[in-house]
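Each chain is listed here by its residues.
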Amino acid sequence: MWKKPYGYAEGFAVCAGLFLTGLLLQFINGKTGSAFLTFPYNLISGGIIAAVPLAVFLFFRKSAFYAWLSSVKSAIPAIISLLVLVVIMGLTRQAPSSETLDSGVLERIFGFSQMTSSWAFSLLMVFFMIILLLVILKRITAFRWRDTGFMLNHSGLFIALFSAIFGSGDLQRLSMTVQKGQMQWQAQTEKGETVELPLAIELKQFTIYEYPPKLMILDNLTGKALPENNPENLLVERSPMTGELAGWNIRVSKYLQYAGQMVTGDTVRYFEYHSEGAVDAVYASAENRKTGAKAEGWVSCGNFMFPFAALQLNDKASLIMPPVEPRRYSSDVTVYQKDDKTVEGVVEVNRPLAAGGWKIYQSSYDQTMGRWSEISIFQLVRDPWLPYVYAGIFMMLAGALWLFIFAPKKLEE
Amino acid sequence: MTWDWFKFFAVAAALFWFLGAWFALREKGVKKAVILTVTGLLVFFSFIVGMWISLERPPLRTMGETRLWYSFFLPLAGLITYVRWRYRWILSFSSILALVFICINIFKPEIHNKTLMPALQSPWFAPHVIVYMFSYAMMGAAAVFALYLLARPDKINRGVMSLCDNLIYVGLAFLTVGMLFGALWAKEAWGHYWSWDPKETWAAATWLGYLVFVHFRDNFPNSRYKTALVIILVSFVLLQVCWYGVNYLPSAKGISVHAYS
Ligand code: HEM
């Protein structure tokens, strides 16, 4: 090892060295936290990633070190090392980065349960990016048109990674809960701190559309859905309707989307009910296809107001309705900004609303209230580096297209 | 259209594919092979479209539904490879692989219902999964081929290695696009383009695995064939974990936003 020209052995040795150094630093300092990424440290770590390749490229172009650091012989060990850490990460349950871990357990000392903020990961990432930038510099100064794909892929990845990593220090992600009819300008960070925003959100209306209810058959003893390994369910799309579930013929004669429950003696009945708290209920009859055993009655998923109702079919099985699933949910909002500008709009899952440099996402609602939720939970995101990440992503998309069209031909030459 | 119809469409499509594959094996059968394979693809695709319409959503949510696309893309990938590089046996190969997935769907069907959680209701959903499935088809073909070559080392030569390269290059292009579409979609749906969700973590591992292959071949175009083939297999194992393995990993239980079905 360390005989010129350098090769794979040196590559793996450097990676192993960085990995061990990372473990040591982790042991001494704890995780990197966001130290790398907040001002002024981001200038230092970002500077290293930019300065090392530039310096090597400008001043040591004749050296064996440059030849090695800009070649596959260092790149493959770097990619493999990162791959190993990513696999460890995939096998280790990850804790949110906002959480502080108490040490003691082995994996916590190594930082594997917060891999992306561990020293080993960070150091290897820096090495990875140094190689990437250097190989870009090497190729760009001897650019030929057939290198277009190479440049798009490698510089796209570098730009996207660089902006994503160093942008994450400036990334703000907040959660805001708004009551219907009220205005809110305070939000919570991931750590649970409250912050005041330069904008306020007024929730005018919150709407949920739900899927029709499903029926399932559960084992009375185990509570598992039947048939055991391949649970079936029946979507009640209309009524009356018939279907088949785990060996039973099911007939739904009545479906009330808005129902109230009435209990007289030991009989439970449902009726049309259109006020707050109304629940889905179905009147069903079932006949066992083998034994001919029959049962009929009301089935309902229940909610915060009315209890759950199951139909016992025999001593082994019951017909039940799991909680209905939301199809869409959305919030009608007005966003007020400091400069008196207002934005009105609808926020829906997959349809965020942009206002004053923030993006507002529909994140959740009061799940216990279900369709009667009077609150809406938003996620607010500010990511000033996003355009650069996107630039990198689009370069890589173009690079992938190039790879698809041209790369195999090149190999045939 | 319901799953009850699947066996008829699938068997018809498979018949066209195998007939096409048979013509592809002979010297002059190119045109017939292409026409028959395309017909089979159309038959199969009409089932997918029928399901799409009757489910009122793209059939991409459950494992069974993604297998549907996989059985569609294998012959398509085979056809593209055949037209482009004229490997005569590739259509037989892709048809057999497609048949395996068809059989799984016939003999181990899953219950498919219409509901689709709100995060999945996005124009990104279809391209993201479809592009990934196409890539998986390419990588699957490459992996089976690599396995065969490792078992029969006497068959390894420059020509077959260049086939592996071609499959992986195209597969990697689509893998990259699938991943980036996923990132763009995640930004719209969850507010951030990358969150190291277990599925994303394994997608990154898979992607890095194939990057190792590409760079290794760049360095050793004419030697170390066996190592290259092993890299294909290792990457494919990572891909399996990403595709469905995460559903069973204790480290991912209950926290993955990708854990549907
Ligand atoms: C977007 C992902 C990537 C793709 C698609 C990709 C693809 C390629 C291809 C096709 C080549 C050989 C083609 C040619 O020489 O023109 C190549 C070469 C190379 N790549 Fe990558 N690569 C990627 C990421 C990386 C990364 C992350 C590194 C380093 C950490 C890297 C380092 C290298 C090096 C050192 C070479 C050899 C260049 C030379 O010797 O001039 N690549 N890459």
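Given the structure is predicted, the values throughout are model-derived calculations rather than measurements.

J.: Go over the domain arrangement of chain B, please, and point to the residues and values.
T.: Size of an interface, as often reported, equals the accessible area lost when the parts are brought together. Residues and elements named next belong to chain B. Assigned domains of chain B: these are domain 1 (1-112) and domain 2 (120-261). Look at where the C-alpha atoms of domain 1 and domain 2 centre, and you get two points 21 Å apart. Of the residues lining the interface, 22 residues belong to domain 1; the matching set on domain 2 comes to 24 residues. Approximately 2100 Å² of surface area, both sides summed, lies buried where domain 1 meets domain 2, with 83% of it carried by carbon and sulfur atoms. Our enumeration of links across domain 1 and domain 2 arrives at 0 salt bridges. Counting the contacts that link domain 1 with domain 2 gives 1 residue pair in polar contact (both at pLDDT 80 or more). In terms of residue count, the dominant contributor to the side of domain 1 that touches domain 2 is helix α3 (residues 63-85) (12 residues). Its residues assigned to classes, the side of domain 1 that touches domain 2 comprises 17 nonpolar, 3 polar and 2 charged.

J.: Give a detailed account of the sheet that holds strand β4 (residues 214-219) of chain A, specifying residues and quantitative values.
T.: Residues and elements named next belong to chain A. In spatial order, the strands read β5-β4-β12-β11; together these 4 strands make up an open sheet with antiparallel pairing. The open sheet has two free edges, formed respectively by β5 (234-235) and β11 (311-312), since each of these has just one partner strand. Looking at chain direction, β11 and strand β12 (residues 317-320) are connected through 2 bridges and run antiparallel. Within β12, the residue paired with L311 across the bridge is L319.

J.: Give me the packing of aromatic side chains: which residues, what numbers.
T.: All told, the structure shown has 49 aromatic pairs over all chains when counted by the stated rule. Stacked on the ring of W22 of chain B, the Lys or Arg R26 of chain B has its end atom at 4.2 Å from the ring centre. Above the face of the F404 of chain A ring, R84 of chain B is positioned so that its terminal group lies 5.7 Å from the ring centre.

J.: Quick rundown of the domain arrangement of chain A? Include the residues and the values.
T.: Taken domain by domain, chain A holds domain 1 (8-170 + 387-412), domain 2 (174-208 + 328-382) and domain 3 (212-324). Here domain 1 of chain A and domain 3 of chain A have C-alpha centroids that lie 55 Å from each other.

J.: Outline the interface of chain B and chain A, listing residues and values.
T.: Listed as interface residues are 57 residues of chain B and, on the opposing side, 59 residues of chain A. Summed over both sides, the interface of chain B with chain A buries roughly 5100 Å², with 66% coming from carbon and sulfur. Looking at the side of chain B facing chain A, the largest losses of area belong to Y169, E188 and Y193 of chain B, adding up to 11% of the total buried there. There are 1 salt bridge connecting chain B and chain A. The salt bridge involving E188 of chain B is made with K359 of chain A; its shortest N-O contact spans 3.4 Å. The tally of links from chain B across to chain A stands at 9 residue pairs in polar contact (both at pLDDT 80 or more).

J.: Give me the pattern of salt bridges: which residues, what numbers.
T.: Residues and elements named next belong to chain A. Taken as a whole and assessed by the stated rule, the structure comprises 14 salt bridges over all chains. Here E374 makes a salt bridge to K180, at a shortest N to O gap of 3.8 Å. You can see E374 sitting in the loop between β16 (358-365) and β17 (375-382) and its partner K180 sitting in the loop between β1 (172-179) and β2 (183-188), a full 194 residues away along the chain. K180 gets classed as partly exposed once you look at its relative accessible area, which sits at 33%. A salt bridge links R371 to E210; the nearest nitrogen and oxygen atoms lie 2.9 Å apart. Here R371, found in the loop between β16 and β17, pairs with E210, found in strand β3 (residues 194-210); they are 161 residues apart in sequence, far enough to count as distant. Residues R371 and E210 agree in their burial class; the two are buried.

Parameters and conventions
- Residues numbered from 1 in each chain as written.
- Chains lettered and ligands numbered in written order.
- Predicted model: local features only at pLDDT ≥ 70, side-chain atom pairs only at ≥ 80, totals over all residues.
- Heavy atoms only, no water.
- Domains from an automatic or database assignment.
- Contact = heavy atoms within 4.5 Å.
- Buried area = accessible area lost by both parts, 1.4 Å probe.
- Salt bridge = Lys/Arg side-chain N within 4 Å of Asp/Glu carboxyl O.
- Polar contact = N/O pair within 3.5 Å; in protein donor to acceptor, adjacent residues only side chain to side chain.
- Helix = DSSP H or I, 4+ residues; strand = E, 2+ residues; numbered from the N terminus.
- Nonpolar A, V, L, I, M, F, W, Y, C, P; charged D, E, K, R; others polar.
- Pairing = 2+ DSSP bridges.
- Phe/Tyr/Trp six-rings, centres within 6.5 Å; stacked < 30°, edge-to-face > 60°.
- Lys NZ or Arg CZ within 6 Å of the ring centre and 35° of its normal.
- Buried < 20%, exposed > 50% of the residue type's maximum accessible area, 1.4 Å probe, protein only.

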